[in-house]
Amino acid sequence: MVAKAELHCHIEGAASPDLVVVQARKYGVDTSSFLRDGAYIWHDFTSFLAAYDAAAGLFRTEEDYALLAEDYLTGLARDGAIYSEIFISPDHAGKAGLSPGAYADALGEGIVRARASTGIEGRMIVTGIRHFGASSVMAAARFAAGCGHRLVTGFGMAGEERFGHPRDYVGAFDMAREAGLGTTVHAGELAGWESVAAALDHIRPARIGHGVRAIENPDLVRRLADERVVLEVCPVSNVTLKVFADFASHPLPQLLAAGCRVTLNSDDPPHFHTSLAHEYAVAARVFDLDDNALAGLTRTALEAAFIDEATRAMLLRRLGDKAVAP
Ligand code: ADE
Ligand code: ZN
């Protein structure tokens with residue numbers, strides 16, 4: 001089995017329906033508006049975010065968050081992943097009455113537990129939510145830059161991409177970069193190629209979350225390849241959210257052929273009926289990628305990971321070991 005690595009997964013969006021049902025029982029909450037027959041229900045991006053927020057609202061204590069990270073990462077390791085970066089959202093913790101520090105500590109505890117039982121390495125990317133506005137994203141950056149948690153290694157921005165303009169968020173990303181954090185921003189998912197170009201021009205991230213609608217402009221695709229910007233591509237999310245009509249029209253193969261640095265990711269796996277293992281299986285089946293090519297995607301993810309060089313070298317060695325194993 002090819003070793004897998006993931007750079008783009010929202011931890012609240014990774015809560016399995018089974019775990020959410022347990023949490024709902026614990027807090028006496030009715031889940032019928034967003035869960036049915038063991039699956040999340042939503043019909044467009046706005047109702048997806050509502051289901052996401054409703055599930056997130058069932059994680060309220062430090063132990064709840066530790067369990068969430070541990071549960072997700074142990075499952076990921078079982079599926080052959082050796083590395084995962086999770087997006088964490090202090091705004092969601094705030095709604096539950098938890099301080100950003102307590103929230104990050106709790107998720108960090110879950111990462112440590114998962115590593116102890118499976119060997120998977122995990123890191124956290126603090127994310128601001130774009131549609132909460134520039135001052136909210138700045139507050140998230142201030143936390144990320146100052147928290148000092150050894151597993152917080154990146155800063156990003158998710159949420160409604162059609163809200164605001166990248167220039168509104170430059171201060172937040174500058175602060176994060178100056179603190180030594182890696183940077184990534186969602187762009188080119190809900191909005192077109194112009195959104196990716198504006199993110200590059202203003203925010204100058206090391207990585208782009210999605211970025212797939214860059215395909216609408218060949219000059220921009222060349223720019224992504226030339227500037228070696230890493231794309232966190234989430235094919236099943238894209239097709240489920242109707243960013244592309246089907247896998248046949250998904251641009252992952254063209255982006256790879258153009259020399260872009262592409263990684264495979266699950267975004268909010270149970271919401272999109274996916275998993276990292278499923279993303280790799282889909283890439284093999286519909287994009288015709290063989291094990292060598294899949295290992296190449298993992299290698300790109302490890303090369304672009306927001307991680308210290310000793311750990312990167314260790315993970316690349318693990319990838320190499322697995323690649324030659326039968
Ligand atoms: N937050 C969680 N999932 C997201 C996505 N696919 N796009 C933007 N923000 C998100
Ligand atoms: Zn995302």
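Per chain, residue numbering runs from 1 following the sequence as it is written. To read the labels, note that chains go from A and ligands from 1, taken in the order they are written. Note on the predicted model: pLDDT of at least 70 is required for a residue's local features to be given, and 80 or more for side-chain atom pairs to be given and counted; whole-chain, interface and lining totals, by contrast, use all residues. Based on all heavy atoms of the structure, the side-chain values leave hydrogens and waters out of the count.

Caption draft 1: Here's a closer look at the overall build of the protein chain. Scanning the protein chain from terminus to terminus reveals 14 helices and 10 strands. Relative to its length of 326 residues, the protein chain is compact, with a C-alpha radius of gyration of 18 Å against a globular reference of 20 Å. Principal axes of the C-alpha set define a box for the protein chain whose edges measure 50 × 50 × 40 Å. Looking at the 326 residues of the protein chain, the share that counts as buried comes to 58%. For helices the rule is a DSSP run of H or I covering at least 4 residues; for strands it is a run of E covering at least 2, with both sets numbered from the N terminus onward. Each radius of gyration is computed over the set of C-alpha atoms, and the globule rule expresses the reference value as 2.2 Å times the number of residues to the power 0.38. Burial here depends on accessible area, computed with a 1.4 Å probe over protein chains only, as a share of the maximum for the residue type. Under 20% is buried, over 50% is exposed, and the range in between is partly exposed.

Caption draft 2: Quick peek at the layout of surface pockets. Here a cavity denotes a set of grid points, spaced 1 Å apart and computed over the protein atoms alone, in which a 1.4 Å probe fits but from which it cannot get out, and a pocket denotes an open set meeting protein on both sides within 12 Å along at least five of seven lines; residues with an atom within 4 Å of a point are reported as lining. Grid points are joined across faces, edges and corners, and a volume is the space filled by probe spheres set on the points. Reported here for the largest pocket is a volume of approximately 330 Å³. If you trace the largest pocket, you find 13 residues lining it, with Ala14, Ser16, Tyr72, Gly75 and Ser275 closest to the centre. With five residues, the single largest contributor to the lining of the largest pocket is helix 3 (residues 62-78). Polar here means any residue outside two lists: the nonpolar Ala, Val, Leu, Ile, Met, Phe, Trp, Tyr, Cys and Pro, and the charged Asp, Glu, Lys and Arg; Gly therefore counts as polar. Tallied by class, the residues present in the lining of the largest pocket amount to six nonpolar, four polar and three charged. As for the second largest pocket, its lining consists of 23 residues, and the residues nearest its centre are His10, Leu49, Tyr52, Ala158 and Gly159. Among the secondary structure elements, those contributing two or more residues to the lining of the second largest pocket are helix 2 (45-56), strand 4 (81-88), helix 4 (90-95) and strand 5 (121-129). Residues of the lining of the second largest pocket, tallied by class, amount to nine nonpolar, eight polar and six charged.

Caption draft 3: Geometry of the coordination of the zinc ion (ligand 2). Atoms of type N, O and S within 2.8 Å of a metal are treated as its donors, and for Na, K and Ca the window is 3.2 Å; water is not considered, so some sites may appear to be missing partners. Donor atoms from the polypeptide that coordinate the zinc ion (ligand 2) comprise His8 (NE2), His10 (NE2), His186 (NE2) and Asp267 (OD), at 2.1 to 2.3 Å from the metal. Coordination at the zinc ion (ligand 2) is irregular: its four donor atoms span angles of 86 to 172° at the metal. Considered as a linear motif, the donors of the zinc ion (ligand 2) on their single chain read H-x1-H-x175-H-x80-D. Remark: histidine 186 occurs in strand 7 (residues 182-187) and histidine 8 occurs in strand 1 (residues 4-10); sequence separation between them is 178 residues. Of the two residues examined, histidine 8 and histidine 186, each falls in the buried class. Just to be clear on the cut-offs, tetrahedral is four donors with all angles between 85 and 135 degrees, square planar is four donors and octahedral six with opposite donors over 155 degrees apart and all others between 65 and 115, and anything else goes down as irregular.

Caption draft 4: Focus on the site of ligand 1. Nearness here has a simple test: a residue counts as near a molecule or strand if at least one of its heavy atoms is within 4 Å of that partner. Lining the immediate environment of ligand 1, one finds His10, Phe45, Phe48, Tyr52, Ala158, Gly159, His186, Glu189, His210, Asp267 and Asp268. Under the rule applied, a polar contact is a pair of N or O atoms within 3.5 Å (in protein, one hydrogen donor and one hydrogen acceptor; residues adjacent in sequence only if both atoms are side-chain atoms). Interatomic distance of 2.7 Å between a side-chain N/O atom of glutamate 189 and a nitrogen atom of ligand 1. Contacts to ligand 1 include aspartate 267, whose side-chain N or O atom sits 2.8 Å from a nitrogen atom. Computed with a 1.4 Å probe, the accessible areas rest on the Shrake-Rupley method; for each residue, only the protein chains presented here act as cover. Coverage of ligand 1 by the protein chains reaches 97% of its 260 Å² of free accessible surface. Counting atoms within 2 Å of the grid points, the majority share of ligand 1 lands in the second largest pocket. With three residues, the single largest contributor to the shell around ligand 1 is helix 2. Being in a pocket or cavity means that more than half of the molecule's atoms lie within 2 Å of its grid points.

Caption draft 5: Focus on the pattern of salt bridges. For salt bridges, the criterion is a side-chain nitrogen of Lys or Arg within 4 Å of an Asp or Glu carboxyl oxygen. One pass over the full model with this rule turns up 18 salt bridges. Among the salt bridges present, the one from arginine 204 reaches aspartate 174, with a minimum N-O distance of 3.8 Å. One end of the pair, arginine 204, is in the loop between helix 8 (193-202) and strand 8 (207-210); the other, aspartate 174, is in helix 7 (residues 170-178), and 30 residues separate them in sequence. Residue aspartate 174 is classed as partly exposed on the basis of its relative accessible area, which comes to 25%. For glutamate 309, the salt bridge identified is with arginine 312, shortest N-O distance 2.9 Å. Note that glutamate 309 and arginine 312 are positioned in helix 14 (residues 309-324) at a spacing of three residues, about one turn of the helix. Within this structure, Glu63, Glu70, Glu109 and Arg113 form a network of salt bridges that share partners.

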